[in-house]
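# Remarks on the overall topology
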2 protein chains.
Amino acid sequence: MQLQAICGAGVAAKSSDDIQLAWANLVRTGTNVMQRVEDDLKRQGFPPVAWYDVLWELDKAPEGVLQQSEVQARVLLAQYNFVRLLDRLERAGLIRRVPCKVDGRSNVLHLTDAGRDLRKGMWPAYDAAIAVHVGSHLSQNEAGVLAGLLSKLLPDRKTLAMRTR
Amino acid sequence: MQLQAICGAGVAAKSSDDIQLAWANLVRTGTNVMQRVEDDLKRQGFPPVAWYDVLWELDKAPEGVLQQSEVQARVLLAQYNFVRLLDRLERAGLIRRVPCKVDGRSNVLHLTDAGRDLRKGMWPAYDAAIAVHVGSHLSQNEAGVLAGLLSKLLPDRKTLAMRTR
DNA sequence: GGCGGTTACATGCAGTTGCATTCATAATTG
DNA sequence: CAATTATGAATGCAACTGCATGTAACCGCC
């Protein structure tokens, strides 16, 4: 009872002004910066960043081959959105979905040559967009601090992955 | 020619590792924290944060009345998305769209009593969600620093508003 | 081996978004 | 003041998303 009073258990927590501003700026900045980067890519005829993410996961893997579920876990999209993203990537000839030999439920994703090329071709534009919309506003040091503070708001990998089911 | 070589003019800028991490964390954290807050609200039967934003803008205004274009400029949604958000709000009886007497092109938005009540009723849940998903991970001071760093990435109001056309 | 539960992936449907365009009314200007 | 341009708002359509659910294959266990 004392304890409850002390730490406010059972009562909805209230956020301070600083917290609220951090929240507001986080959402605004997140969507805004994302938008601008996406726009830059689109203007140059490139697909969305989400495409890049998948291609990059595959490109990092040996042979450009990875379990579908593994990629899914890394890109943090809802399962049904991920499946349909793969539909688009496959239709565009960037990846192939191959039924897994060992586990009849799962697929193995293969990066095609076209996919590899696109990933590689996108990077300079992507990198430049990040430099313009993030880098140019922050010192090296500020970027590090920002990254650190942001990471404090992220749940760990496992929790993160669970949210996509 | 010397100049070009020195400052890299004409060559796409490259971002450093710190910058890239800041970018990655910004996007991840932004969407993730937003998601969790939205989920909390939804679980309690409340509409999305975007609804709150509009209602709040109107509630702040004297009489709960504001030009549609003015609200539009503040909430930073694309024009067509904003219009349709208003469709939903109006259908839900939270606002009314009234043709403007002085300018035949524009509307004036009126917050209804139901709208005012909903806004007010949402806040505790919203505030609590912010406290949980942002506040509990940061000290007061960290929140201030984070807000400051994030604001450096935002373009000014005017530029921001232009992007929504 | 067969039955309940779980995992991996897919899909139908309704709701939302992006894009291009339209409509009507101001504002500007030749 | 008529013609042009600019502004505020809306909409048709295609694409995308969320949600619930479906299907098939695996896993554990009696």
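Throughout what follows, the structure given in this document is the object of discussion.

Criteria and thresholds
- Residues numbered from 1 in each chain as written.
- Chains lettered and ligands numbered in written order.
- Predicted model: local features only at pLDDT ≥ 70, side-chain atom pairs only at ≥ 80, totals over all residues.
- Heavy atoms only, no water.
- Helix = DSSP H or I, 4+ residues; strand = E, 2+ residues; numbered from the N terminus.
- Contact = heavy atoms within 4.5 Å.
- Areas by Shrake-Rupley, 256 points an atom, 1.4 Å probe, with all protein chains shown as cover.
- Salt bridge = Lys/Arg side-chain N within 4 Å of Asp/Glu carboxyl O.
- Buried < 20%, exposed > 50% of the residue type's maximum accessible area, 1.4 Å probe, protein only.
- Near = heavy atom within 4 Å.
- Polar contact = N/O pair within 3.5 Å; in protein donor to acceptor, adjacent residues only side chain to side chain.
- Nonpolar A, V, L, I, M, F, W, Y, C, P; charged D, E, K, R; others polar.
- Pairing = 2+ DSSP bridges.
- Axes fitted to C-alpha atoms, helices over the stretch in contact; angles between N-to-C directions.

Helix and strand counts for chain A come out as eight helices and three strands. Sequence-ordered secondary structure for chain A, helices as α and strands as β, is α-α-α-β-α-α-β-β-α-α-α. Excluding contacts between residues fewer than 6 apart, the proportion of contacts in chain A whose partners are at least 24 apart in sequence is 56%. For chain A, the accessible surface area stands at approximately 9100 Å², while carbon and sulfur atoms represent 55% of it.

Once that is clear, we can look at the pattern of salt bridges. All names here are of chain A. This model, assessed by the stated rule, comprises 20 salt bridges over all chains. Note that Asp59 and Arg116 form a salt bridge whose closest N and O atoms lie 3.2 Å from each other. Taken together, the residues Asp59 in helix α3 (residues 49–60) and Arg116 in helix α6 (residues 113–133) connect sequence positions 57 residues apart. Relative accessible area serves as the criterion here: at 30%, Arg116 is assigned to the partly exposed category. Across the salt bridge formed by Arg97 and Asp87, the nearest N and O atoms sit 2.3 Å from each other. Residue Arg97 is found in strand β2 (residues 95–99), and its partner Asp87 is found in helix α5 (residues 79–91); the two are separated by 10 residues along the sequence. Relative accessible area serves as the criterion here: at 27%, Asp87 is assigned to the partly exposed category. What you see here is one network of salt bridges that share partners, running through Glu57, Lys60, Glu70 and Arg74.

This paragraph deals with the protein's contact with DNA strand C. Close contacts around DNA strand C come from 20 residues, with Lys42 and Arg97 of chain A together with Asn81, Arg84 and Gly104 of chain B the closest. When atoms of DNA strand C within 4 Å of the protein are split into backbone and base, the sugar-phosphate part holds 65%. Interatomic distance of 2.4 Å between a side-chain N/O atom of Lys42 of chain A and a phosphate oxygen of DNA strand C. Those elements giving two or more residues to the surface near DNA strand C turn out to be α4 (68–75) and α5 of chain A together with α5 (79–91) of chain B. Residue composition of the surface near DNA strand C, grouped by class: four nonpolar, seven polar and nine charged.

Next up on the list: the sheet that holds strand β1 (residues 65–67) of chain A. Residue and element names in this part refer to chain A. If you walk across this open sheet you meet the three strands as β1-β3-β2, and the pairing is antiparallel. The open sheet has two free edges, formed respectively by β1 and β2, since each of these has just one partner strand. Adjacent strand axes in the sheet meet at a mean angle of 25° when their direction is disregarded. Where β1 meets strand β3 (residues 107–111), three bridges bridge the pair, whose relative direction is antiparallel. Counted as the bridge partner of Gln67 is Val108 from β3. On top of the sheet, α3 reaches β1, β2 and β3; it is set at about 90° to β3, its chief contact. In the packing of α4 onto the sheet, contacts are made with β1, β2 and β3, and the angle to β1 comes to roughly 80°.

The next thing to look at is the side chain of Arg119 of chain B. In this structure, Arg119 of chain B sits in helix α6 (residues 113–133). Apart from the residues within four sequence positions on either side, Arg119 of chain B is in contact with Tyr52, Leu55, Trp56 and Asp59 of chain B.

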